[in-house]
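Take a look at the letters that make up each chain.
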Amino acid sequence: MKFKNKLAQIASSLRDTNTSRALFTLLIFFVASTIFVNRFFTLNNLINVLRQSALVFSFSIGMAIAMLLAGLDLSIGAVAAYSGVLAASLISNGYIVLGIIVGLLVGITCGLISGVIISKYKVPPFIMTFGMMKIASGLALNFTKGESIYGLSDKFRWIGVGTIGLIPAPLIICTVLLILLAYFGKRSVLGRRIYAVGSNRNAARFSGIPCERTLMIGYALSGLFSGIAGLMFVARLGSAEGIMGDGWPLQAIAACVLGGVSFAGGEGTIQGAAIGALCVAIMYNVLNLLGVSPSWQQFLIGFVIIFVISIDFIKSQIIRKKNISNKLRTMQKTA
Amino acid sequence: MKKTLFLVLIVLVVFSGVVFAQGQKDTPKESDNLHVALIVKNLSNPFFVYMKWGGEAAANKYGVDYTCLAPEQDGNVEAQIRIMEDLIQKGVDAIVVVPIDSRGIVAGIERANKAGVPVFVSNTRALGGEFLSFAGIDHTAMAEEMARYVVKSLNGKGKVIELEGTTGAQSSIDRGIGFKNVFSKEPGIEVLTRTTAEYNKAKAMQVTEDLLVRYDDIDAIVAYNDSMALGAVEALKAAGRLDKVMVTGTDANKDALDSLRRGELTATVDSNPVAQTFVPVEAAIRYLMYNEIPPAEMIVGEGKPTIVDQKNVEAFELQVIENLKGFGVTAEF
């Protein structure tokens, strides 16, 4: 009985049109890669792709929340770097638990600061998070003075390189996060408020939703997940560098867009972002397997994003036009 | 109440970084009226931090004031020009610069020329302007030496993958030439592929993971810098293939030396960042103090490039620390 309920829940989350569109995109990527790319559909490679997509997903969560709030969080990489280097300096001296706590706290704090300035002082998210990116990055680089912090205990590194059987640890951690977020996404009060504030701020305010608080918590969550991503990456690389997280915002936006999360706010799901992360990971993996040079990789990924968005846009225009012509026809019939 | 909480949060974030940070190294004890400045590409790569030390050592040797500045991580040559202008305004007596772009830096050098400030160039060439000397290393010779080490270690037979640096970077191009010169003459060595990881550790890890899927049989991964080599090491470790593949890097950075000590990285080669700035900064000081005209080209690091591998890493470190300590610079490894 409970199992049927769970299936129904999963089905209803997929009924969200954005997410099902994302699933369709993923299917095309996957099938095309299997057919055309040698060695794509091998056990080792698929595990690679899953692991890499889990990592991309980890830093896309924050961007997805910001986008659902009709905003953007450009600071995800830099905040992760700052969290990572502070945590690493403690962990390399033996304070594993304290290091993790500090890393997460720094992430939350940076996110909260962004959130407060965006909500209370009405600074556009793009500008505020861009500034936070520079600040966090500068603090991280200044702290490390250009060198990398290494010598991290193997126990801590498990979250980045460990496995249970064949399954990589980042994948396990991110799957757990995904299930929690997908479940609470639209079912929790906070989740519903985020969607409301994102899709129509004024309507939300008039319904009595505390918009400023929702924004603050949303960006604070983004910072928290950036901190988590930072810790995972540091564990994976075995060292923390001040320049970590460079290029994350772009990949995160790609993952969210491909996953059906809209810039306009209030549309899309965290599950969608996970699907988008898989798409991004497949793209990079395929390009590496084919030996495509990085400059072309950049070009192709940008091209794919624009292509997918355009298809979405054209489809929604066609649906709109069909609806309008249907309405006209029924009006004529009854006239 | 909310406002104070907010202020406390800001202070917490900024303070946490400042509290743990060590202070900037102070300028040397005595000072003539002379002030020499060094401009590097950034201070977020350990390589350029070592360059900073090299300049400082030279300045200490003569008791001269010393400043080392650089653009932020993703800064460009424009930022370097701005720094040059600021330094000229401040009244420095000589500038040593490591250009981000060989053509772009010319405007900055010309501005220094107009102000009568002597300019020295290090590591990356400048294609214009008047400067007293260029100090550089031979990237190609360095790569050739490393390539010969790899060939010897593999007994002349093996499959090799090359990890290149940032596309278009002169150092990457020159190192590629060096590897090609040696590998192409060895019939037993097969270069499976050359791909770039942009001198970046995380990118190298991702690229290596995918390369391990593409190729079942790899004997060596040769990286054009240490960051990429260490990324490859991590990927090999995770895949359980580190014992079957030798990994080499370039630069002899701190973390590479640590990896050598732990028996993970196989070898790296000293690119002598300290000498690359010590030599031109010293030349600048001697030009200012004694009017010594330097040669137009100074190739730093006489003799064979030093390969650092698991056997000689301790000795190498001690030597670097000793050399710097002699000039009052504390280098920590």
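These numbers were taken from a predicted model, which means no experiment stands behind them.

Rules used in this analysis
- Residues numbered from 1 in each chain as written.
- Chains lettered and ligands numbered in written order.
- Predicted model: local features only at pLDDT ≥ 70, side-chain atom pairs only at ≥ 80, totals over all residues.
- Helix = DSSP H or I, 4+ residues; strand = E, 2+ residues; numbered from the N terminus.
- Buried ≥ 20, exposed ≤ 12 C-beta atoms within 10 Å, placed from the backbone.
- Contact = placed C-beta atoms within 7 Å.
- Domains from an automatic or database assignment.
- Nonpolar A, V, L, I, M, F, W, Y, C, P; charged D, E, K, R; others polar.
- pLDDT = per-residue confidence, 0-100.

J.: For this particular structure, what's the right way to read the overall build of chain B?
T.: When helices and strands are tallied, chain B shows 11 helices and 12 strands. Overall, chain B is about 65 × 60 × 35 Å in size when its C-alpha atoms are taken along their principal axes. Looking at the 333 residues of chain B, the share that counts as buried comes to 50%. Across chain B, the fraction of contacts at a sequence separation of at least 24, relative to all contacts at a separation of at least 6, is 73%.

J.: In this structure, what is going on with the domain arrangement of chain A? I would like to understand it.
T.: Often, the extent of an interface is quoted as the loss of accessible area upon association of its parts. Residues and elements named next belong to chain A. One can read the domain layout of chain A as domain 1 (41-291) and domain 2 (296-335). Each of domain 1 and domain 2 has a C-alpha centre, and the two are 31 Å apart. The partner domain 2 presents seven residues to the five residues of domain 1 that form the contact. Those elements that place two or more of their residues in the side of domain 1 that touches domain 2 are helix H12 (248-258) and helix H13 (270-289). If you tally residues by element for the side of domain 1 that touches domain 2, the top one is H12, at three residues. In terms of residue class, the side of domain 1 that touches domain 2 is built from five nonpolar, no polar and no charged.

J.: Just checking my understanding: could you explain the interface of chain B and chain A for this structure?
T.: Contacts between the two partners involve 35 residues from chain B and, on the opposite side, 38 residues from chain A. Among the secondary structure elements, those contributing two or more residues to the side of chain B that touches chain A are helix H1 (2-20), helix H2 (46-62), strand E7 (189-196), helix H7 (201-214), helix H8 (226-239) and helix H9 (254-261) of chain B. Top contributing element to the side of chain B that touches chain A by residue count: H7 of chain B, with nine residues.

J.: Where do I start with the confidence of the model for chain B in this structure?
T.: Atomic detail in the predicted coordinates should be set aside for any region of low pLDDT. Residues and elements named next belong to chain B. Scored by pLDDT, chain B comes out at a mean of 86, with 91% of its residues at no less than 70. Here residues 21-31 scores under 50 on pLDDT; set against residues more than four positions off or in separate chains, the count is 14 contacts. Overall fold confidence for the complex sits at a pTM of 0.79, while the interface term, ipTM, reaches 0.71.

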